[in-house]
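Architecture and fold: a report
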Amino acid sequence: MADINHFEYGWITPALSYALSVLGSILGLVCAGRIRTASSTGQKLWWGSLAAWALGGTAIWTMHFMAMLGFAVTGSRIRYDVPITVGSALIAVAAVGIGLAIVGTGRLSAGRIIGGGLFTGAGVAAMHYTGMAAMRLDGRLLYDNLRVGLSVLIAVVAASVALWLAVTVRKGIAIFASALVMGVAVNGMHFTGMSALSVHLHEEPAEVTGAGVGTLLIPIVLLVIFGVVGLVYALLAAPNDEDRAALAYLDARRTPPSTAGGPPDAAPDPVGLRARSTLARPGAQFPSRRDHPSR
């Protein structure tokens with residue numbers, strides 16, 4: 001059995017993975033909060049997609065890959081199968097998106113949170129082990145079933161808590177604190193699953209094919225940067241509660257008040273100026289004394 005090192009570059013890779021999971025959780029929770037205030041189905045889908053990308057793509061999958069940078073096996077180099085790696089990212093985003101749809105539609109209940117948590121947690125675990133299956137090295141991968149089960153349990157619990165927070169947390173301090181807790185849960189699931197792994201090298205060395213870490217790192221870093229910038233821009237450009245209140249106030253000022261009793265009452269005309277104004281109209285008759293018998 002080969003020696004495995006999960007922290008080849010020291011604590012820099014777990015620190016970066018935790019920072020990414022917290023950043024993605026913050027953006028995801030804020031986007032999920034916009035789902036509740038969306039006024040149309042299209043807006044709900046938009047914010048749900050952004051929340052799924054932030055949580056599934058940044059907080060979970062990118063954190064997983066960043067932590068994998070510190071994974072090394074003595075006696076073998078590591079490469080990655082690109083299609084399977086991309087597939088693991090899609091699994092994470094889709095699992096979170098469906099979980100948000102389960103929890104965010106209809107009345108919130110414990111059954112919805114548990115159902116969404118089970119589905120999303122299973123999807124996160126599938127993402128993790130699909131990403132592990134994308135590794136190519138000169139050896140055979142084996143897993144301890146007990147620790148695998150424990151990692152799946154952590155994923156389900158973490159997903160349930162994350163979905164509950166996504167539909168209940170609103171204040172900034174609460175969002176930040178929740179993101180810190182979610183970062184611990186996501187990293188705990190990852191490293192629990194990694195501890196279940198053992199590598200048995202082949203007796204005869206073989207060529208390892210696939211993309212190296214450096215080849216994948218540049219596009220992934222660019223994807224994260226553009227993704228985070230896009231999420232921040234979408235959040236800043238969207239109107240908040242204060243903007244909506246201001247627009248409602250301006251609409252109320254522009255719209256004249258409706259009257260329930262027909263046309264508004266005419267202003268008093270004590271000297272008959274309104275009647276005299278008809279003289280200026282073309283074709284108006286000149287009043288005679290016969291029209292005023294009192295005189």
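Keep in mind the model is a prediction, meaning the values are calculated, not measured.

Rules behind the numbers
- Residues numbered from 1 in each chain as written.
- Predicted model: local features only at pLDDT ≥ 70, side-chain atom pairs only at ≥ 80, totals over all residues.
- Heavy atoms only, no water.
- Helix = DSSP H or I, 4+ residues; strand = E, 2+ residues; numbered from the N terminus.
- Expected span 1.5 Å × (residues − 1).
- Buried < 20%, exposed > 50% of the residue type's maximum accessible area, 1.4 Å probe, protein only.
- Contact = heavy atoms within 4.5 Å.
- Polar contact = N/O pair within 3.5 Å; in protein donor to acceptor, adjacent residues only side chain to side chain.
- Axes fitted to C-alpha atoms, helices over the stretch in contact; angles between N-to-C directions.
- Parallel < 35°, antiparallel > 145°, perpendicular 65-115°, else oblique.
- Left-handed = near helix turned anticlockwise from the far one by under 90°.
- Nonpolar A, V, L, I, M, F, W, Y, C, P; charged D, E, K, R; others polar.
- 1 Å grid on protein atoms, 1.4 Å probe; cavity = no way out; pocket = protein on both sides within 12 Å on 5 of 7 lines; lining within 4 Å.
- Points joined across faces, edges and corners; volume = space filled by probe spheres on them.
- Phe/Tyr/Trp six-rings, centres within 6.5 Å; stacked < 30°, edge-to-face > 60°.
- Lys NZ or Arg CZ within 6 Å of the ring centre and 35° of its normal.

1. Describing the environment of Leu137
Considering the arrangement of structural elements, one finds Leu137 in the loop between β4 (135-136) and β5 (139-143). As a C-alpha pair, Leu137 and Gly75 span 62 residues in sequence and 9.5 Å in three-dimensional space.

2. Looking at helix α3 (residues 82-104)
In this model, α3 (23 residues) spans 33 Å end to end at C-alpha, consistent with the 33 Å of a helix rising 1.5 Å per residue. Among all positions in α3, only Thr85, Ser88, Ala89, Ala92, Ala95, Val96, Gly99, Leu100 and Val103 are buried. In this fold, the buried residues of α3 make contact with α2 (41-68), β3 (79-80), α4 (110-133) and α5 (145-168).

3. Describing the environment of Ala185
For Ala185, the location among the structural elements is in helix α6 (residues 172-195). Separated by 24 residues in the primary sequence, Ala185 and Val161 place their C-alpha atoms 9.5 Å from one another. Setting aside residues no more than four positions away along its own chain, Ala185 makes contact with Ile154 and Ala158.

4. Focus: the side chain of Thr192
Inspection of the secondary structure puts Thr192 in helix α6. Taking the relative accessible area as the measure of exposure, Thr192 reaches 16% and is therefore buried. At a separation of 2.6 Å, a polar atom in the side chain of Thr192 contacts the main-chain carbonyl oxygen of Gly188. Excluding its chain neighbours within four sequence positions, the residues that come into contact with Thr192 are Arg147, Leu150, Ser151 and Ile154.

5. A short note on the packing of α4 against α5
The relative placement of two packed helices is expressed as an angle between their axes plus a distance between the axes. Packing of α4 against α5 leaves a shortest axis separation of 7 Å and a crossing angle of 130°. Relative to α5, the element α4 lies oblique. Like other packed secondary-structure pairs, α4 and α5 cross with a definite hand, here right-handed. The residues of α5 that touch α4, namely those facing Ile113, Gly116, Gly117, Leu118, Thr120, Gly121, Ala122, Val124, Ala125 and Tyr129, are Val148, Ser151, Val152, Ala155, Val156, Ala159, Ser160, Leu163 and Trp164. Its residues assigned to classes, the contact of α4 with α5 comprises 13 nonpolar, six polar and no charged.

6. Digging into empty space enclosed by the protein
One water molecule sets the probe size; rolling that probe over the atoms shows where empty space is left. Inspection of every chain in the model, using the stated rule, returns three cavities of 30 Å³ or more. Empty space within the largest cavity amounts to approximately 180 Å³. Around the largest cavity sit 15 residues that line it, and Ile60, Ala158, Ala159, Ala162 and Val186 are the ones nearest its centre. Residue assignment for the lining of the largest cavity shows that the elements contributing at least two residues are α2, α4, α5 and α6. Each pocket or cavity is described by its volume, and for the second largest cavity that value is around 50 Å³. In terms of lining, the second largest cavity is formed by Trp61, His64, Phe65, Met68, Tyr80, Thr85, Ser88 and Gly131. Taken together, the elements giving at least two residues each to the lining of the second largest cavity come down to α2 and α3. Per-element tally for the lining of the second largest cavity: the top contributor is α2, with four residues. A breakdown of the residues in the lining of the second largest cavity according to their chemical character gives four nonpolar, four polar and no charged.

7. Overview of the packing of aromatic side chains
All told, the structure shown has five aromatic pairs when counted by the stated rule. Aromatic side chains Trp61 and Phe65 sit 6.1 Å apart centroid to centroid with 25° between the ring planes, which places their arrangement in the stacked category. Linking Trp61 with Phe65, this pair stays in helix α2, spanning four residues, or about one helical turn. Given a relative accessible area of 8%, Trp61 falls into the buried group. Taken together, the ring pairs in this structure connect Phe7, Trp11 and Phe191 into an aromatic cluster. A cation sits over an aromatic face here: Arg34 above Trp47, 5.4 Å from the ring centre.

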